[in-house]
Amino acid sequence: MLEDQSFSIPVDQIECRVFGNFQFSEAVEKTRKASWEALLIKNSAAFDGALLRMADHRIEDGRLVVAANSTSFSAYVATRAPDLVMCIRTRHELIRSE
């Protein structure tokens, strides 16, 4: 929706609504854990802190409203791993065909 629009919104006109925790499916969660363990081997100081995952965004009464879920840094890292991207893509295709 917003990708074709150029706009500027003052920071006091941005609202973030946080709801629930983002959860991977069981199969994808295994890949997330393995990906995180691999990262820890390379960087033992890595910290799996809390992040927000943007679930939706829209303009509402001139305000930018962002909806987000709580997640973790390891989930962010894992979604960049080629194995996980393929796993998610395959699962998405299975869901669409059902």
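See the structure printed just above.
Since this is a predicted model, take the numbers as computed values, not measurements.

Visitor: Mind showing me how you'd approach the overall build of the chain here?
Guide: Broken down by element type, the chain carries 3 helices and 3 strands. Moving toward the C terminus, one meets the helices and strands of the chain in the order β-α-β-β-α-α. Here the chain holds 98 residues, and the buried ones make up 22% of them. Considering only intrachain contacts with a sequence separation of at least 6, the fraction spanning at least 24 residues in the chain is 64%. Approximately 7300 Å² of the chain is accessible, and the part contributed by carbon and sulfur atoms is 56%.

Visitor: Whenever I open this one, the side chain of Asn 69 confuses me. Can you help?
Guide: Within the secondary structure, Asn 69 sits in strand β3 (residues 63–72). Classification of Asn 69 as buried rests on a relative accessible area of 8%. Separated by 3.0 Å, the side chain of Asn 69 and the backbone oxygen of Phe 19 make a polar contact. Ignoring sequence-local partners within four residues, the contact set of Asn 69 consists of Phe 19, Gly 20, Asn 21, Phe 22, Leu 51, Leu 52, Arg 53 and Ala 55.

Visitor: Would you mind showing me how to read the pattern of salt bridges here?
Guide: Where charged atoms from two side chains of opposite charge come close, those side chains can pair. By the definition in use, this model includes 6 salt bridges. The salt bridge involving Glu 15 is made with Arg 63; its shortest N-O contact spans 3.6 Å. In this pair, Glu 15 sits in strand β1 (residues 14–21) while Arg 63 sits in strand β3, placing the two residues 48 residues apart along the sequence. In this structure Glu 15 comes out as partly exposed when scored by relative accessible area, which is 25%. For Arg 63, a relative accessible area of 24% puts it in the partly exposed group. A network of salt bridges, in which partner residues are shared, links Glu 15, Arg 17, Asp 56, Arg 58, Glu 60 and Arg 63.

Visitor: Hey, could you run me through the environment of Ser 74 in this one?
Guide: Tracing the backbone shows Ser 74 in helix α2 (residues 73–78). Taking the C-alpha atoms as reference, Ser 74 lies 9.4 Å from Ala 46; in sequence the two are 28 residues apart. Among all residues touching Ser 74, those that are not within four sequence positions of it are Arg 32, Trp 36 and Asp 48. Within the structure, Ser 74 has its side chain in polar contact with the side chain of Ser 72 (distance 3.0 Å).

Visitor: Explanation requested: the environment of Val 11 in the structure shown.
Guide: The residue Val 11 is located in the segment before β1 in this model. Taking the C-alpha atoms as reference points, Val 11 and Arg 63, 52 residues apart in sequence, are found 9.5 Å from one another.

Visitor: What's the story with the sheet that holds strand β2 (residues 50–60) in this structure? I'm lost.
Guide: Working definition: the strands of a sheet are paired by backbone hydrogen bonds and lie parallel or antiparallel to each other. In space, the 3 strands of this open sheet follow the order β1-β3-β2, with mixed pairing throughout. Edge positions in the sheet fall to β1 and β2, since each has one partner strand and no second. The mean inter-strand angle of the sheet, taken between neighbouring strand axes irrespective of direction, is 25°. Of the pairings in the sheet, the one linking β2 to β3 comprises 10 bridges and is antiparallel in character. Each residue of the ladder has a partner; that of Leu 52, found in β3, is Ser 70.

Cut-off values and rules
Residues numbered from 1 in each chain as written. Predicted model: local features only at pLDDT ≥ 70, side-chain atom pairs only at ≥ 80, totals over all residues. Heavy atoms only, no water. Helix = DSSP H or I, 4+ residues; strand = E, 2+ residues; numbered from the N terminus. Buried < 20%, exposed > 50% of the residue type's maximum accessible area, 1.4 Å probe, protein only. Contact = heavy atoms within 4.5 Å. Areas by Shrake-Rupley, 256 points an atom, 1.4 Å probe, with all protein chains shown as cover. Polar contact = N/O pair within 3.5 Å; in protein donor to acceptor, adjacent residues only side chain to side chain. Salt bridge = Lys/Arg side-chain N within 4 Å of Asp/Glu carboxyl O. Pairing = 2+ DSSP bridges. Axes fitted to C-alpha atoms, helices over the stretch in contact; angles between N-to-C directions.

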